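# Chains, contacts and geometry: an overview
In case you want the letters, here they are:
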Amino acid sequence: MKTNVIKRITGAVLAAVLGTAALTGCGAGNSSTASTSTSKDESGATESKTSSATTESTASASGEKKTVKLGILSGADENIWKPIKEELAKENIDLEIKFFTDYPAFNKALNDGDIDINAFQHHKYFNEEVEQFKYDIVPIADTYISATNIYSNKVKDVKDIKEGDKIAVANDASNEGRALRVLQAAGLIKVDDSKGILPTKADITENPLNLDIVEVEASQTPSLLPDVAAAVINGDFAVAAGLSPINDSIFQDDPANYPTNDYVNLIAARTKDKDDPTLKRIVEVYQSEKTEEVYKTVFEGTYLPTWKTNADGASSAATSEQASSAAA
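Residues numbered from 1 in each chain as written. Predicted model: local features only at pLDDT ≥ 70, side-chain atom pairs only at ≥ 80, totals over all residues. Heavy atoms only, no water.

## Describing unusual backbone geometry
- With phi around 50 degrees, Asn210 is a residue other than glycine that occupies positive phi space.
- With respect to the element layout, Asn210 can be found in the loop between strand E11 (204-206) and strand E12 (212-216).
- Although it is not a glycine, Glu300 adopts a positive phi angle of roughly 50 degrees.
- Here Glu300 shows up in the loop between helix H9 (289-297) and strand E16 (303-305).
- By relative accessible area, Glu300 is classed as buried at 13%. (Helix = DSSP H or I, 4+ residues; strand = E, 2+ residues; numbered from the N terminus. Buried < 20%, exposed > 50% of the residue type's maximum accessible area, 1.4 Å probe, protein only.)

Next comes the structure, spelled out in structure tokens:
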């Protein structure tokens, strides 16, 4: 088991992105009421609420340090943001990281001014929160999608899958939809594109190899590898089973496989701060080759950058912003 990766991927970070818990906050299940907005600073001490954001619109001519409060989950996200924090410090930007453990607290804290940006959720979860609570917040950048790859103990290439072979997929709506999209991208089946991001087994329109699609609990897909020709496995469960998304998969996921940005993770800010130069600089440092390298080396390809798929790095965020405005 690749414990170096597993130790870095803690908490429910990946569960949110993949949508195993109502599509991972990266999209944890939506709550009917917002939880108390408490967070911990990097020393672990609980911080009380503050009323104003610390982001300023322009850099001080005197080189004054600027503080931006960021809300994230501990564990995986911490590993992503640490080098970004270090890089920004060279430019006199202090990225003050606040750790949250409760998904509903993130967007409430952002809306209330307790933090300036957050990074924990995908667009679907964000849009649901804005619609329910009428938050005045918007996405300012896309970050990653968690890879759902095809793995096998029996073949080394999807081209080696034979007539009538069994393929294991998750049986919940969100993860099965993604799995079928990946199988389509691999050229094994075709699904009804009118069903959007969540096709079901019944929406398979072409299955030239008459593959037997076996639906099981998402967490059980790795354990079926000895019994099936291949399995489509979500990133968190693959890593937990000791699989490397980069080295062990026979077909790798790609953000371009999906017709919407529902499961793309994002950075959010208050609407009034969306054009703030400091926040734009933070986005630039995040959407860099250094962050891509962290995805590859620290997480072995579990995370896939989405800012390249969305050519201008903001198109998906703009789409989500428009949806949020309409909902409000």
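## As for the confidence of the model for the protein
- Per-residue pLDDT for the protein has a mean of 81; in total, 75% of the residues score no lower than 70.
- Within the model, the stretch residues 1-62 combines pLDDT values under 50 with 202 contacts to residues more than four positions away or in other chains.
- Ignoring residues within four places in sequence, the model shows residues 311-328, a span with pLDDT below 50, making 30 contacts including any to other chains. (pLDDT = per-residue confidence, 0-100. Contact = heavy atoms within 4.5 Å.)

## Re the pattern of salt bridges
- Following the criterion strictly, the structure yields 16 salt bridges and no others.
- Between Lys85 and Asp94 there is a salt bridge, and its shortest N-O distance comes to 3.5 Å.
- Connected via shared salt-bridge partners are Asp116, Arg270, Lys272 and Asp273. (Salt bridge = Lys/Arg side-chain N within 4 Å of Asp/Glu carboxyl O.)

## Digging into helix H3 (residues 76-89)
- With 14 residues, H3 ought to run about 20 Å at 1.5 Å a step, and its terminal C-alpha atoms sit 21 Å apart, in line with that.
- Every buried residue of H3 is listed here: Ala76, Asp77, Ile80, Trp81, Ile84 and Leu88. (Expected span 1.5 Å × (residues − 1).)

## Considerations on helix H8 (residues 277-286)
- Here H8 has its buried residues at Thr278, Leu279, Ile282, Val283, Val285 and Tyr286. When H8 is viewed along its axis, its buried side chains cluster within an angular range of 165 degrees and face the same direction.
- A distance of 2.8 Å separates the backbone nitrogen of Thr278 from a side-chain oxygen at the start of H8, and that oxygen is part of Asp276. (Arc of directions from axis to C-beta. Polar contact = N/O pair within 3.5 Å; in protein donor to acceptor, adjacent residues only side chain to side chain.)

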